[in-house]
Amino acid sequence: VGSAAWLAFGLAIARPQQRPFMLTTVQLGIALLVAMGFLVLAEAVLPSGSLRPVTWARALRHRLARARRYLQISRIAVRHGLFPYLRGRRRHQADTPAGRAGLARSVRLALEKGGVSFVKLGQLLATRRDLLPTEFVNELSRLHHQVTPAPWPQVEQVLGQELGTPDAVFDKLDARPLAAASIAQVHQARLRSSGAEVVVKVQRPGIRPVVERDLDIVDRMARRLQTRTRWGATIGAVELARGFANALHEELDFRVEARNMAVVAAASAVPGTDTSVRLPAVHPQLCTERVLVMERLDGLPLDAAGPVIDTRGLDRQVLARALLGCLLRQIMLGGVFHADPHPGNILLLDDGRLGLLDFGSVGRLDALLRAALQQFLLAIDRGDPAGLYDALLEVMVRPDDVDEQRLQRALGQFMARHLNPGATPEVEMFTDLFRLVASYDLMVPPEVAAVFRALATLEATLGRLAPGFEPHVAVSHREHAELSGQLQPTSLRQAANDELPTLLPMLRRLPRRADRITNALEHGRLGLGVRLFADPRDRRFLTTLVHQILLAFLGATTGIMAVLLLGSSGGPKLSPTVSLFQVLGYNLLVVS
């Protein structure tokens, strides 16, 4: 690129004999401008350092593969009538419920044809009731990606690459999978070292390059939708795609799932709490990026265990309370929780307890968010719209121009509609809350959205497990018990002991500072000092702005002067055809 720029520089200063010598500075300026323009263009087309043969060949293959995938996705979008929406055009059929339902069905079919990454994107969108209309949420909730199991020789090859010879690790390994999904499949096995019955989760061969390619396309589509469509900018398409890519990358690394299981198990097994929900133990020494070995739990999926529960005379209410308490402990205490507790991920074990499976999808909360969510649940229980408003602002991003009174009244109407005596909260309660939040431009962070998604999914699961079970009552009792525990004398004494070392220096200085402030106020000496541009970012912004204004002014001034000089017919003659005014004018024009 540098050689080509110097070639352009040489061509620009090449001067025929009849060209006046005094215009050499003009030719030099034009040559520099040509070289700079060529360098900018070359850098945009082919960035520095990318002209290595191997790198360039790999990039070319990658671009060709992406172009073929783009073409395939475009054909799918055209076949299902979605291409106008991708270009930012909106049809009137999306303004009616029937039209939205038809459009949602087309989106679901297109995502199913798109493959594993797009199916999982649709499953994620189905949980964002705060972003999508109800018709889309209901339709995308039907997305399931049942696939044909990978051939056993390929699975055995993955096991050999990750664990060595499978016969040296497993005494028995069933070639027939217990279940097969888009990313992995599960096989039954027995460990040779201990004889323990385990299940082996093996990543499908060759799935990572496919997912990486599709994630690149999803990111590019999200950027295009956010810049060209209003609805893409409204839902934050780029941020949504980035969160989806991070979650899918974690799902491709089974070591992350193993750590999640260990953390969730620690949060669930709090001493003195109910242990009616089991989590499979992980064998960490056998867990790699593409293989996960964990304890086998014998039982039936909850969606098929209804007759067994009735036959064995198990108390459905007790099971429901245990499952809800387990998830709440994960959310409020551990901060890492199972984000997809649907009936297929919950087992009724042979000993009458419940078991949680599939920790590829988890949510994470920090201590501040956990405390704010606790206040949120307490405000719902008390029926306090003002408290609910304060709690919402703690967990969501607040716009500057929010109408506080209208929002508090809307929250009061929401609570009157769903939480009055005799009202039965359902999944629609979470949907209405998301709609209310979105209507006031309160942005829901992904972590908080994961909590509401998990609670909504669990509420539907509890409705199937124990019809008539009221989750909000159980949550209320739990929060009251936890708050009562925090108000015990021993708890208050411990909290005071923890905070006193930090507060004591402040309390010692407080009387002197209060006396100085009141004394200055009494004698009229109290003032307020404000330092303008104390932030370096403000100074940098102002300096940049002043420089741009000065450059624009100087460029315009020299341009005007150049035009005036070139239009003038006077001035000393430096040659028979060129005057001093013309030389100065041409040079000022280059500077401009």
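Student: Could you clarify how one ought to interpret helix H6 (residues 116-125) in this entry?
Tutor: Because each turn of an α-helix spans 3.6 residues, side chains separated by three or four positions in sequence point in the same direction. Burial analysis of H6 places eight of its 10 residues in the buried class, which makes it a mostly covered element. Turning to H6, its buried residues are Val116, Ser117, Phe118, Val119, Lys120, Leu121, Gly122 and Leu125.

Student: Is there a simple way to think about the packing of aromatic side chains in this case?
Tutor: Per the stated rule, a full pass over the model turns up zero aromatic pairs. A cation sits over an aromatic face here: lysine 201 above phenylalanine 254, 5.1 Å from the ring centre.

Student: Would you mind going over the pattern of salt bridges with me for this structure?
Tutor: Pairing between side chains of opposite charge can happen when the charged atoms of each approach one another. If you walk through the whole model with that rule in mind, you get 23 salt bridges. Among the salt bridges present, the one from glutamate 212 reaches arginine 208, with a minimum N-O distance of 3.8 Å. Highlighted residues: glutamate 212 and arginine 208, both in helix H10 (residues 207-228), separated by four residues, approximately one helical turn. The class for glutamate 212 is partly exposed, based on a relative accessible area of 33%. Between aspartate 310 and arginine 316 there is a salt bridge whose closest N-O contact spans 3.1 Å. Taking the relative accessible area as the measure of exposure, aspartate 310 reaches 53% and is therefore exposed.

Student: Sorry if this is basic, but what is going on with the sheet that holds strand E10 (residues 354-356) here?
Tutor: Strand pairing in a sheet is mediated by backbone hydrogen bonds. Such pairs are either parallel or antiparallel. On the basis of which strands lie adjacent, the open sheet formed by four strands has the order E5-E10-E9-E7 and mixed pairing. Strands at the two margins of the open sheet, each flanked by one partner only, are strand E5 (277-278) and strand E7 (299-301). In this structure, E5 lies alongside E10, joined through two bridges in parallel fashion. Residue pairing for E10: valine 277 is matched across the bridge by leucine 354. Packed onto the sheet, helix H15 (residues 316-334) meets E5, strand E9 (346-349) and E10 and runs at close to 30 degrees relative to E10.

Student: Got a minute to help me understand the packing of H15 against helix H20 (residues 446-465) in this structure?
Tutor: Two numbers describe a pair of packed helices, the interaxial angle and the distance between the axes. For the pair H15 and H20, the least separation of the axes is 10 Å and the interaxial angle reads 170 degrees. Comparing the axis directions of H15 and H20 gives the class roughly antiparallel. Residues Arg316, Leu319, Ala320, Leu323, Leu324, Leu327, Leu328 and Ile331 of H15 lie in contact with H20, whose contacting residues are Val451, Ala454, Leu455, Leu458, Thr461, Leu462, Arg464 and Leu465. Partitioned by chemical class, the residues of the contact of H15 with H20 number 13 nonpolar, one polar and two charged.

Student: Sorry, what's going on with unusual backbone geometry here?
Tutor: Glycine aside, residues mostly have negative phi, and peptide bonds are mostly found in the trans state. Positioned with a positive phi, aspartate 358 is a non-glycine residue whose angle comes to about 60 degrees. If you trace the backbone, aspartate 358 turns up in the loop between E10 and strand E11 (362-364). Given a relative accessible area of 38%, aspartate 358 falls into the partly exposed group.

Student: It is not clear to me how a positive patch on the surface should be interpreted in this structure. Could you clarify?
Tutor: On the surface, Arg509, Arg512, Arg513 and Arg516 cluster together into a patch of positive charge. Locating arginine 509 in the fold gives a position in helix H22 (residues 489-522).

Student: Can you walk me through the nonpolar core in this structure?
Tutor: Nonpolar side chains in soluble globular proteins tend to end up buried together. Ranked by internal contacts, the top residues of the largest apolar core, which has 103 residues, are Ile331, Phe337, Leu354, Leu356, Phe376, Met396 and Leu462. Grouped together as the second largest cluster of nonpolar side chains are 15 residues, Val155, Val198, Val200 and Leu286 included.

Student: How should the side chain of histidine 283 be read in this particular structure?
Tutor: One can find histidine 283 in the loop between E5 and strand E6 (291-295). The class for histidine 283 is buried, based on a relative accessible area of 17%. Ignoring anything within four residues of it in the chain, the contact list for histidine 283 reads Leu191, Val198, Val293, Met294 and Glu295.

Student: Quick question: what am I supposed to make of helix H8 (residues 152-163) here?
Tutor: Its 12 residues place the ends of H8 16 Å apart at the C-alpha level, agreeing with the 16 Å of an ideal helix rising 1.5 Å per residue. Along H8, the positions that sit buried rather than exposed are Val155, Val158, Leu159 and Leu163. Along H8, the residues classed as buried sweep out an arc of 100 degrees about the axis, all on the same side. Of the surrounding elements, those touching the buried residues of H8 are helix H9 (166-169), strand E1 (170-173), strand E3 (184-191), strand E4 (197-203) and E6. Once H8 finishes, glycine 164 follows within two positions and takes phi at roughly 90 degrees, a positive value.

Student: Sorry, what's going on with a nonpolar patch on the surface here?
Tutor: On the surface, Leu528, Val530, Leu532, Phe533, Phe541, Leu542, Leu545, Val546, Ile549 and Leu550 cluster together into a nonpolar patch covering about 1,100 Å² of accessible area. Relative to the elements of secondary structure, phenylalanine 541 occurs in helix H23 (residues 536-567). Residue classification places phenylalanine 541 among the exposed positions, given a relative accessible area of 58%.

Student: Would you explain the environment of glycine 387 in this entry?
Tutor: Positionally, glycine 387 belongs in helix H17 (residues 385-395). Taking the C-alpha atoms as reference, glycine 387 lies 7.5 Å from phenylalanine 376; in sequence the two are 11 residues apart.

Student: Can you help me understand the pairing of E6 in this one?
Tutor: For a regular strand, side-chain orientation follows a simple rule: the groups alternate between the two sheet faces. Counted residue by residue, E6 has four buried out of five residues, so it is predominantly covered. The pairing of E4 with E6 spans five bridges and is classified as antiparallel. Of the residues in E6, the one forming a bridge with valine 200 is valine 293.

Student: Is there a simple way to think about the environment of leucine 373 in this case?
Tutor: Residue placement: leucine 373 occurs in helix H16 (residues 367-382). Take leucine 373: its relative accessible area is 4%, and that puts it in the buried class. Aside from chain neighbours lying at most four places away, what touches leucine 373 is Ile331, Met332, Leu365, Val395 and Val451.

Student: Sorry if this is basic, but what is going on with the packing of H17 against helix H18 (residues 404-418) here?
Tutor: At their nearest, the axes of H17 and H18 sit 9 Å apart, and the two run at 115 degrees to each other. Taken together, the axes of H17 and H18 lie roughly perpendicular to each other. For the element pair H17 and H18, the recorded crossing hand is right-handed. Here H17 contributes Pro385, Ala386, Leu388, Tyr389 and Leu392 to the contact with H18, which in turn contributes Glu404, Leu407, Gln408, Leu411, Gly412 and Met415. Here the contact of H17 with H18 is built from residues that sort into eight nonpolar, two polar and one charged.

Rules behind the numbers
- Residues numbered from 1 in each chain as written.
- Predicted model: local features only at pLDDT ≥ 70, side-chain atom pairs only at ≥ 80, totals over all residues.
- Heavy atoms only, no water.
- Buried < 20%, exposed > 50% of the residue type's maximum accessible area, 1.4 Å probe, protein only.
- Helix = DSSP H or I, 4+ residues; strand = E, 2+ residues; numbered from the N terminus.
- Phe/Tyr/Trp six-rings, centres within 6.5 Å; stacked < 30°, edge-to-face > 60°.
- Lys NZ or Arg CZ within 6 Å of the ring centre and 35° of its normal.
- Salt bridge = Lys/Arg side-chain N within 4 Å of Asp/Glu carboxyl O.
- Pairing = 2+ DSSP bridges.
- Contact = heavy atoms within 4.5 Å.
- Axes fitted to C-alpha atoms, helices over the stretch in contact; angles between N-to-C directions.
- Parallel < 35°, antiparallel > 145°, perpendicular 65-115°, else oblique.
- Nonpolar A, V, L, I, M, F, W, Y, C, P; charged D, E, K, R; others polar.
- Patch = residues over 30% accessible without salt bridge, like charges linked within 9 Å, V, L, I, M, F, W, Y side chains within 5 Å.
- Areas by Shrake-Rupley, 256 points an atom, 1.4 Å probe, with all protein chains shown as cover.
- Lys, Arg positive; Asp, Glu negative; His and termini not counted.
- Charge placed at Lys NZ, Arg CZ, Asp CG, Glu CD.
- Core = buried A, V, L, I, M, F, W, Y, C linked by side-chain atoms within 4.5 Å.
- Expected span 1.5 Å × (residues − 1).
- Arc of directions from axis to C-beta.
- Left-handed = near helix turned anticlockwise from the far one by under 90°.

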